[in-house]
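Structure at a glance
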Amino acid sequence: PHISARASMDEYEPGAGSMGGVGAGNGNTEDSWPESFVSKLEKLNETQQSINTLSCWLRYHHKRSKQAADIWAAEALAVPPDRHLLFVYLLNDVLQTARRKSNELCDDFIMRAMDVVPQMYKSMPPQYKEKVKRIIKIWEERGVLAMPDLATLRSRLDAGVASAPSNGSTLAPQVARADSAPKGPGDLGKCLESIARSDVLDYVAREEEKAVEPMLLMDDISVNEPAEIGALRQRAEHATRELDKHKALLQGELNDRKRLVAVLCAAIEAQDGVCSDIEAAIEQSEWKRSRIEGACQRLDEIQGQFDAIADMAED
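Worth saying up front: this structure is predicted, and the values here are computed from it rather than measured.

**As for the overall build of the protein**
Tallying secondary structure elements over the protein gives eleven helices and zero strands in all. The order of α-helices and β-strands along the protein, N terminus first, is α-α-α-α-α-α-α-α-α-α-α. Counting over 315 residues, the protein shows a buried share of 39%. Considering only residue pairs separated by 6 or more positions, the protein has 78% of its internal contacts joining residues 24 or more positions apart. For the protein, the exposed area adds up to about 17900 Å²; of that, 55% sits on carbon and sulfur atoms.

**Comments concerning the pattern of salt bridges**
All chains considered together, the criterion is met by eight salt bridges. For Lys137, the salt bridge identified is with Glu140, shortest N-O distance 3.7 Å. Within this pair, Lys137 and its partner Glu140 are both found in helix α7 (residues 126-142), separated by three residues, close to a single helical turn. Among the ionic pairs, Glu293 bridges to Arg289, the shortest N-O distance being 3.0 Å. With Glu293 and Arg289 both in helix α11 (residues 227-314), this residue pair falls four residues apart, about one helical turn. Judged by relative accessible area, Glu293 falls into the partly exposed class, the value being 42%. Overlapping salt bridges bring together Lys66, Asp70 and Arg112 as one network.

**Considering helix α5 (residues 84-97)**
Here α5 spans 20 Å end to end across 14 residues, near enough to the 20 Å set by a 1.5 Å rise per residue. The buried count for α5 comes to 13 of 14 residues, which makes it a mostly enclosed element.

**What to know about the confidence of the model for the protein**
Looking at the protein as a whole, the pLDDT averages 77, with 76% of positions reaching at least 70. Across the protein, α5 holds the top mean pLDDT of 95, while helix α1 (residues 5-8) sits lowest at 31. Within the model, pLDDT remains below 50 along residues 19-29, and this stretch shows 18 contacts once partners closer than five positions in the same chain are excluded.

**Concerning helix α2 (residues 33-43)**
Where α2 is concerned, the buried positions are Trp33, Pro34, Ser36, Phe37, Val38 and Leu41. Buried residues along α2 sit in contact with α3 (48-60), α4 (65-78), α5, α10 (200-211) and α11.

**Some thoughts on the packing of α4 against helix α6 (residues 103-122)**
Two numbers describe how α4 lies on α6: the axes approach to 8 Å, and their chain directions differ by 15 degrees. For the element pair α4 / α6, the angle class is roughly parallel. The two elements α4 and α6 meet at a crossing, and its hand is right-handed. Two secondary-structure elements touch here, α4 through Ser65, Lys66, Ala68, Ala69, Asp70, Trp72, Ala73, Ala76 and Leu77 and α6 through Glu104, Leu105, Asp108, Phe109, Arg112, Ala113, Val116, Val117, Gln119 and Met120. Residues of the contact of α4 with α6, tallied by class, amount to twelve nonpolar, two polar and five charged.

**Some thoughts on the packing of aromatic side chains**
Enumeration according to the criterion identifies four aromatic pairs in this entry. Both rings, one in Trp33 and one in Phe37, keep their centres 5.5 Å apart while their planes meet at 40 degrees; by these two values the pair is tilted. Residue Trp33 and its partner Phe37 are located together in helix α2, separated by four residues, close to a single helical turn. Phe37 shares its class with Trp33; the two are buried. Residues Trp33 and Trp57 carry aromatic rings whose centres are separated by 5.2 Å and whose planes lie at 10 degrees to one another, so their mutual orientation is stacked. On the criterion of sequence distance, the pair formed by Trp33 in helix α2 and Trp57 in helix α3 is long-range, its members being 24 residues apart. Take Trp33 and Trp57: they sit in the same class, and that class is buried.

**Here we look at the nonpolar core**
Nonpolar side chains tend to gather and get buried jointly when the protein is soluble and globular. Ranked by size, the top nonpolar core spans 54 residues in total, and within it Phe37, Trp72, Phe109, Met120 and Trp139 carry the most contacts. It is α6 that provides the largest number of residues to this core, a total of ten residues. If near-sequence neighbours (up to four positions away) are discounted, Trp139 is found in contact with Leu91, Asn92, Leu95, Val144, Leu145, Leu150 and Leu153.

About the thresholds
- Residues numbered from 1 in each chain as written.
- Predicted model: local features only at pLDDT ≥ 70, side-chain atom pairs only at ≥ 80, totals over all residues.
- Heavy atoms only, no water.
- Helix = DSSP H or I, 4+ residues; strand = E, 2+ residues; numbered from the N terminus.
- Buried < 20%, exposed > 50% of the residue type's maximum accessible area, 1.4 Å probe, protein only.
- Contact = heavy atoms within 4.5 Å.
- Areas by Shrake-Rupley, 256 points an atom, 1.4 Å probe, with all protein chains shown as cover.
- Salt bridge = Lys/Arg side-chain N within 4 Å of Asp/Glu carboxyl O.
- Expected span 1.5 Å × (residues − 1).
- pLDDT = per-residue confidence, 0-100.
- Axes fitted to C-alpha atoms, helices over the stretch in contact; angles between N-to-C directions.
- Parallel < 35°, antiparallel > 145°, perpendicular 65-115°, else oblique.
- Left-handed = near helix turned anticlockwise from the far one by under 90°.
- Nonpolar A, V, L, I, M, F, W, Y, C, P; charged D, E, K, R; others polar.
- Phe/Tyr/Trp six-rings, centres within 6.5 Å; stacked < 30°, edge-to-face > 60°.
- Core = buried A, V, L, I, M, F, W, Y, C linked by side-chain atoms within 4.5 Å.

Quick look at the structure:
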């Protein structure tokens, strides 16, 4: 439902509907999409309009769901703790409104949220934690997340999953867990499709070529004017932030692929057991058949004996 101009200036309400009819055009080329998303995240504020508008923009660009989720995760861990709740609000709006438009967008954000939300949660003040718990309760009431995912997320919040450093330099490594893995052939297919669509390595290579690689030559740098030092230092700090974000993206990608490997290994092990059971059942079936065939052969022999006796009686 459309929200009024007055409501758009109010603080974000997690249970409220998302604003519709927001224009998706932004004048940016497709190649500038990641930078555009990062810029929009930097400008995100706690108003309903700001969160609904960015959520709508993500729905419009749902074909880039994997990249969007990766960038959301990296930026969420890179911002100061006082902005963590904004990223949860955006996640909430995406999950509650995007399912009709794109299952992939929701699935990719959920996959990232299972790791990122607990990390942000640990550094939140108590009043923010209560708001996160309220959002998770709304997800449960509205069926936004499956019950196994809700149970996993709550257990990680309660366990106090170790958070990343405040500068968001990395995603904490996660051990592959059965409760966060695909549960069936359909989920496994979605996981494989999501992995196949990933372009994180190409994205990191492109971004580092622009912002990082030029700074690798700083060992041989020469400065002619003191004023140049400040500008070079800013470029170096920007390159460092980019490397931190890229490391977070790569770590998330690695976690996903390790989970997939664990799921496939578990599936292979399970199928090996099933195959062994089937082979045993086949052997048992063949044994039973041989017993029955033996009994039939014995009946034929007995029938032959009776026939012989009957012939002798006639003679």
